[in-house]
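# Coordinate analysis (summary)
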Amino acid sequence: MARPPVMPPLETPDMQGLVARAFGQLPVARYLLCAVADPAMARRWLGAASPGVSTAAKRDERCGLIVAFTYAGLTALGLQSDALATFPRPLQEGMATAHRSRILGDVDRNDPAGWRWGGPANPQIHVLVVIYAPDAAELEREYTERRAAFEGGLVEVHPPIDGLLKGGSEHFGFADGLSQPVIKGWPRRTASVRPAAPPPPIKWEEINPGEIVLGYPDNYGKPAQGPTVAADGASRSLPAAPWATKRRHLGHNGSFLVFRQLAQDVGGFRRHLGAASQALAARGVPLSPEKVGAKMVGRWPSGASLVVYPDADPGEAGTNDFGYHEQDQLGSRCPLGAHVRRSNPRDSSTEAPDKALASTKNHRVLRRGRPYGRPLVDPPGHPGEEEGADRGLLFLCLNSDFERQFEFIQHTWLGNPFFSGLYGEVDPVVGQQSRQGGVYTVPEAPVRRRLTGIPSFVTTVGGAYFFLPGIRALEYLATMGD
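Below is a summary of the structure that appears in this document. What you see as residue numbers is a count from 1 along each chain, following the sequence as written. It should be noted that, the model being predicted, local features are given only for residues of pLDDT at least 70 and side-chain atom pairs only at 80 or more, the latter also being counted only at that level, while totals for whole chains, interfaces and linings use all residues. Each side-chain value is worked out from all heavy atoms of the structure, with water and hydrogens disregarded.

## Concerning unusual backbone geometry
- With a phi angle near 50°, arginine 346 is a residue other than glycine that sits in the positive phi range.
- Each helix is a run of H or I in the DSSP string that is no shorter than four residues. Each strand is a run of E no shorter than two, and both are numbered from the N terminus. Considering the arrangement of structural elements, one finds arginine 346 in the loop between helix H11 (339-343) and helix H12 (353-361).
- Working definition: with a 1.4 Å probe on protein chains only, accessible area under 20% of the residue-type maximum means buried, over 50% means exposed, and in between means partly exposed. On the accessibility criterion, arginine 346 (1% relative accessible area) is buried.
- Of note in the backbone geometry, serine 420 takes a positive phi value of approximately 55° without being a glycine.
- With respect to the helices, strands and loops of the structure, serine 420 is situated in the loop between helix H13 (403-414) and strand E14 (438-442).

Dropping the structure here:
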């Protein structure tokens, strides 16, 4: 038996804060999509801003800041061509290619040609700057200060997007971000702030650090390889890259960031739950709209799992310590095609649950998103509703391998019409449904029930892949050409 890899200490002071937390203590955020206007000025801004970038070693209470770059941004900043060539192909090509659109389900209404940003018809995105703050007033003050600091070096190419964490629920009304992977060897584990939930259990969620952070052993025991630069005086602060002769690891303590803006049709979702409930009642199956929604998501609005609480919402997230093999193999509690079961199948297998769980852990991502837009508070049809308002989810996640992790989840789990023995079904909540409407199976005794005519509730309106450097790598990028 192969020995488990030796885990080096995690250098949290050199990691950006997004690796450690979703900034739940800072509920308002602003996402700035920028282009490099003047490379030299942009590098000087980066050098001045780097000491203020949030790190994983310290929890920010007043404000938080993260900085990430697209491949085009690294090119515009002046990174050498030999270094650019060492970035993974998905980052080099970007999210909006024909190949990736097929993998990610970005077709028809999700086609990048119609995106607000990140698409072929939009200005190139070079730099993502995210500001987190405790309230709106502090966010405005911080935004004004940060914008003045990068003026001349960067230019915003899209209106800033504001995100807001309230109680930890997304716009459809369900607690989000509960089942997150746990990085092995992380200095401490704390409860989730928004939504309120205990630390996730290690058995189901622990992964090797290299699954998220570059430079550390991944689940295969091999170092997660990131981009490299020539070993010279300018790069001496970066560690050596053992897999590349005379190169230093620019990616060390960094990660790869996925950012997608997902618009949500909240009114359409609610109407569908009501219509589905009525249709089931007509067939002698009393299922409330709330329970239809829970069956589609796999959790109650509080975040409580259907596997643990199959009959009613207990009103709090409760335990996240459950598996599908022993507790719900046939999906009678949490349907086989439910959103949470597709996005994290855990040990779903009839014969080899341990292997299934190990396989699942090879495809996890660390989610760091939050909602945007005002909630739709009133029920559909109420005079005060603003159903047409723009709202949705700013989906952000970290991984060390775009193709094995984020893209695999999108293509092989969420968008797979044959997932777990199903036929012709995709994720009922976030999936791209056919023009005739999707189908969703709810196992019931003595016979299953099928929901039909499911519309698409989520539309991708923007997206890009980014490199999230470590702190020393930020400093290196800031001093290029000096």
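Now that the structure is up, let's keep going.
## Observations regarding helix H6 (residues 136-150)
- Here H6 contains 15 residues, and its C-alpha end-to-end distance of 21 Å stays within 8% of the 21 Å for a straight helix at 1.5 Å per residue.
- Every buried residue belonging to H6 is among Glu138, Leu139, Glu142, Tyr143, Arg146 and Phe150, and all of these are buried. Buried residues of H6, seen end-on, are gathered within an arc of 130° and therefore sit on one face of the element. Every exposed residue of H6 that faces more than 90 degrees away from the buried side is listed here: Ala137, Thr144 and Ala148. Working rule for helices: expected span equals 1.5 Å times residues minus one. Each direction from the helix axis to a C-beta atom contributes to the arc, which is the arc of those directions.

## Observations concerning the packing of aromatic side chains
- Working definition: rings of Phe, Tyr and Trp (its six-membered ring) pair if their centres are within 6.5 Å, and the pair is stacked with planes under 30 degrees apart, edge-to-face with planes over 60 apart, and tilted otherwise. Using the criterion set out here, one finds 17 aromatic pairs in the structure.
- Centroid distance phenylalanine 256 to phenylalanine 467: 6.0 Å. Interplanar angle 50°. Geometry classified as tilted. Of this pair, phenylalanine 256 sits in strand E10 (residues 255-264) while phenylalanine 467 sits in strand E16 (residues 458-468), and the two are 211 residues apart along the sequence.
- Clustering of aromatic rings is evident, with ring pairs tying together Phe87, Phe256, Phe395, Phe402, Phe406, Tyr465 and Phe467.
- Both a distance and an angle decide whether a charge sits over a ring: NZ of Lys or CZ of Arg must be within 6 Å of the ring centre and within 35 degrees of the ring normal. A cation over an aromatic ring shows up here: arginine 30 above the ring of tyrosine 143, its NZ or CZ 4.7 Å from the ring centre.

## Here's the deal with the environment of aspartate 106
- Along the chain, aspartate 106 turns up in the loop between helix H5 (98-104) and strand E3 (127-133).
- Distance in space between the C-alpha atoms of aspartate 106 and aspartate 321 is 34 Å, their sequence separation being 215 residues.
- Once residues lying within four places of it in the same chain are set aside, the contact partners of aspartate 106 are Ser101, Asp111, Pro112, Trp115, Arg260 and Thr460.
- Polar contact is the term for a pair of N or O atoms within 3.5 Å; when the atoms are in protein, one must be able to donate a hydrogen and the other to accept it, and sequence-neighboring residues count only if both atoms are side-chain atoms. A polar side-chain atom of aspartate 106 sits 2.8 Å from a polar atom in the side chain of arginine 260. Contacts between residues were defined by any pair of non-hydrogen atoms, one from each residue, lying within 4.5 Å.

## So, the pattern of salt bridges
- Within this document, salt bridges are pairs made up of a side-chain nitrogen of Lys or Arg and a carboxyl oxygen of Asp or Glu, the two lying within 4 Å of each other. Following the criterion strictly, the structure yields 27 salt bridges and no others.
- The salt bridge partner of glutamate 11 is arginine 472, with a shortest N-O separation of 3.0 Å. A residue pair is termed long-range when its members are at least 10 positions apart, and glutamate 11 in the segment before strand E1 (28-36) and arginine 472 in helix H14 (residues 471-479) qualify at 461 residues.
- Salt-bridge contacts for arginine 100 lead to glutamate 407; the nearest nitrogen and oxygen are separated by 2.5 Å. Of this pair, arginine 100 sits in helix H5 while glutamate 407 is found in helix H13, placing the two residues 307 residues apart along the sequence.
- In this structure glutamate 407 comes out as buried when scored by relative accessible area, which is 3%.
- Residues participating in the shared-partner salt-bridge network are Arg62, Glu138, Arg141, Glu142, Glu145 and Arg146.

## As for the environment of leucine 26
- Checked against the element boundaries, leucine 26 lands in the segment before E1.
- By relative accessible area, which is 0% here, leucine 26 ends up buried.
- The sequence separation of leucine 26 and glutamate 140 amounts to 114 residues, and the corresponding C-alpha distance is 14 Å.

## Comments concerning the packing of helix H1 (residues 39-49) against H14
- Lines fitted to the C-alpha atoms define the axes, with helices restricted to the stretch that makes contact. Angles between their N-to-C directions range from 0 to 180 degrees. Their axes nearest at 8 Å, the elements H1 and H14 cross at an angle of 150°. Note on packing geometry: the crossing formed by H1 with H14 is left-handed. Taken together, the residues of H14 that come into contact with H1 (itself represented by Arg43, Leu46 and Gly47) are Leu474, Leu477 and Ala478.
- By the convention adopted, Pro, Cys, Tyr, Trp, Phe, Met, Ile, Leu, Val and Ala count as nonpolar, Lys, Arg, Asp and Glu as charged, and the other residues, Gly among them, as polar. Considering only residue class, the contact of H1 with H14 consists of four nonpolar, one polar and one charged. The handedness criterion is simple: a crossing whose near helix is rotated anticlockwise from the far helix by less than a right angle is left-handed, and one whose near helix is rotated clockwise is right-handed.

## Focus on the packing of helix H8 (residues 266-282) against helix H9 (residues 289-297)
- As a packed pair, H8 and H9 sit with axes 8 Å apart at the nearest point and diverge in direction by 110°. Here H8 is positioned roughly perpendicular relative to H9, judged by the angle of their axes. Here Phe269, His272, Leu273, Gly274, Ala276, Ser277 and Leu280 of H8 lie close against H9, whose contacting residues are Pro289, Val292, Gly293 and Met296. An angle below 35 degrees is read as roughly parallel, one above 145 as roughly antiparallel, one from 65 to 115 as roughly perpendicular, and any other as oblique.

## So, the layout of surface pockets
- Cavity means a closed set of points on a 1 Å grid over the protein atoms alone, one where a 1.4 Å probe fits but cannot get out, pocket means an open set with protein on both sides within 12 Å along at least 5 of 7 lines, and lining means a residue has an atom within 4 Å of a point. Grid points are joined across faces, edges and corners, and a volume is the space filled by probe spheres set on the points. Taken as a whole, the second largest pocket holds about 360 Å³ of empty space.
- In terms of lining residues, the second largest pocket is bounded by 19 residues, among which Glu93, Gly94, Gly118, Gln124 and Ile125 are the most central.
- Mapped onto the lining of the second largest pocket, the elements with two or more residues apiece are helix H2 (71-77), helix H4 (89-93) and E16.
- Taken together, the residues of the lining of the second largest pocket sort by class into ten nonpolar, eight polar and one charged.

## Some thoughts on the nonpolar core
- Leu79, Leu250 and Leu477 are the most contacted members of the largest nonpolar core, which has 89 residues in total.
- No other element matches H14, which puts six residues into this core.
- With residues up to four places along the chain from it excluded, the contact list for leucine 250 reads Leu79, Phe87, Pro227, Thr228, Val229, Leu238, Phe467, Ala473, Tyr476 and Leu477.
- Residues belong to one nonpolar core when they are buried, are Ala, Val, Leu, Ile, Met, Phe, Trp, Tyr or Cys, and are joined through side-chain atoms within 4.5 Å. The next biggest cluster of nonpolar side chains, apart from the first, holds 36 residues, and it includes Leu18, Ile212, Phe259 and Leu396.

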